[in-house]
Amino acid sequence: VQLVESGGGLVQPGGSLRLSCAASGFTFSRYPMSWYRQAPGKERELVASIDSAGGSTNVADSVKGRFTISRDNIRNTVYLQMNSLKPEDTAVYYCKAFILLRDYWGQGTQVTVSS
């Protein structure tokens, strides 16, 4: 199983970024996927999740209305569209797959929101 995140970077408050997580090594379309984030000195927290078909999503209250999770089961990729970014969104963002009772994580991508 391999998960590779990309799309992070430095953005001004109010800006947007789209994160991607390319998956390989498993049947992507069979499993739900999630995005987590971890800010310095804080615990890793769930940001958004999506079911295997992409028909059901959940997002944390802190990002509701600003972030959207989606997936492309042809390209084996899950996305996190982040709009109206705030400084408190600064964190390392990770995608996660839960496969056969085990968590698999990507290496993370840094998102910094600062003027």
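Preceding this section is the structure that the text describes.
Treat the numbers as computed from the prediction; the structure is a model and nothing was measured. (Residues numbered from 1 in each chain as written. Predicted model: local features only at pLDDT ≥ 70, side-chain atom pairs only at ≥ 80, totals over all residues. Heavy atoms only, no water.)

1. A short note on the packing of aromatic side chains
In total, this model carries four aromatic pairs according to the counting rule given. With a centroid separation of 6.2 Å and an interplanar angle of 55°, the aromatic rings of phenylalanine 26 and phenylalanine 28 are classed as tilted. Given the relative accessible area of 14%, phenylalanine 26 is considered buried. Its relative accessible area of 2% is what places phenylalanine 28 among the buried residues. Each ring, one from tyrosine 94 and one from tryptophan 105, has its centre 6.3 Å from the other, and the planes form 90°; the classification is edge-to-face. One end of the pair, tyrosine 94, is in strand 9 (residues 91-99); the other, tryptophan 105, is in strand 10 (residues 102-105), with eleven residues separating them in the sequence. Feature note: the residues Phe26, Phe28 and Tyr31 constitute an aromatic cluster, connected by ring pairs. Between arginine 44 and the ring centre of tyrosine 94, over which it is positioned, the NZ or CZ distance is 3.8 Å. Here the basic side chain of arginine 44 rests over the ring of tryptophan 105, its NZ or CZ set 4.5 Å away from the ring centre. (Phe/Tyr/Trp six-rings, centres within 6.5 Å; stacked < 30°, edge-to-face > 60°. Buried < 20%, exposed > 50% of the residue type's maximum accessible area, 1.4 Å probe, protein only. Helix = DSSP H or I, 4+ residues; strand = E, 2+ residues; numbered from the N terminus. Lys NZ or Arg CZ within 6 Å of the ring centre and 35° of its normal.)

2. Overview of the state of the cysteines
In a disulfide, the sulfur atoms of two cysteines are held together by a covalent bond. Scanning the entire structure with this criterion turns up one disulfide. A sulfur-sulfur separation of 1.9 Å characterises the disulfide bridge that pairs cysteine 21 with cysteine 95. Residues cysteine 21 and cysteine 95 share a disulfide whose torsion about the S-S bond is about 45°; that sign makes it right-handed. Remark: cysteine 95 occurs in strand 9 and cysteine 21 occurs in strand 3 (residues 17-24); sequence separation between them is 74 residues. Of the residues examined, cysteine 21 reaches a relative accessible area of 0% and is grouped as buried. Note on cysteine 95: relative accessible area 0%, which makes it buried. (Disulfide = S-S within 2.5 Å.)

3. Regarding the nonpolar core
Counting residues in each nonpolar core, the largest one holds 30 residues, and the members touching the most others are Phe26, Trp35, Val78, Leu80, Met82 and Tyr93. Contributions of two or more residues to this core are made by strand 3, strand 4 (33-38), strand 5 (45-50), strand 7 (67-72), strand 8 (77-82), strand 9 and strand 11 (109-113). Here this core takes five residues from strand 9, the largest share from any one element. (Core = buried A, V, L, I, M, F, W, Y, C linked by side-chain atoms within 4.5 Å.)

4. Considerations on the side chain of arginine 37
Among the structural elements, arginine 37 can be located in strand 4. Of the residues examined, arginine 37 reaches a relative accessible area of 6% and is grouped as buried. A distance of 2.6 Å separates polar atoms of two side chains, one belonging to arginine 37 and the other to glutamate 45. At 2.9 Å, the side chain of arginine 37 forms a polar contact with the side chain of aspartate 89. Ignoring sequence-local partners within four residues, the contact set of arginine 37 consists of Glu43, Arg44, Glu45, Val47, Ser62, Val63, Phe67, Glu88, Asp89, Ala91, Val92 and Tyr93. (Polar contact = N/O pair within 3.5 Å; in protein donor to acceptor, adjacent residues only side chain to side chain. Contact = heavy atoms within 4.5 Å.)

5. Let's talk about the sheet that holds strand 8
Here four strands make up an open sheet; going across it, the order is 1-3-8-7 and the pairing antiparallel. Either end of the sheet is taken by a strand with one partner, and the two such strands are strand 1 (2-6) and strand 7. Geometrically, the sheet is characterised by an average inter-axis angle of 15° between neighbouring strands, direction not taken into account. One ladder, built from six bridges, connects strand 3 with strand 8; its direction is antiparallel. Its bridge partner being in strand 8, arginine 18 is matched across the sheet by glutamine 81. (Pairing = 2+ DSSP bridges. Axes fitted to C-alpha atoms, helices over the stretch in contact; angles between N-to-C directions.)

By themselves, these observations are geometric and do not establish any function.
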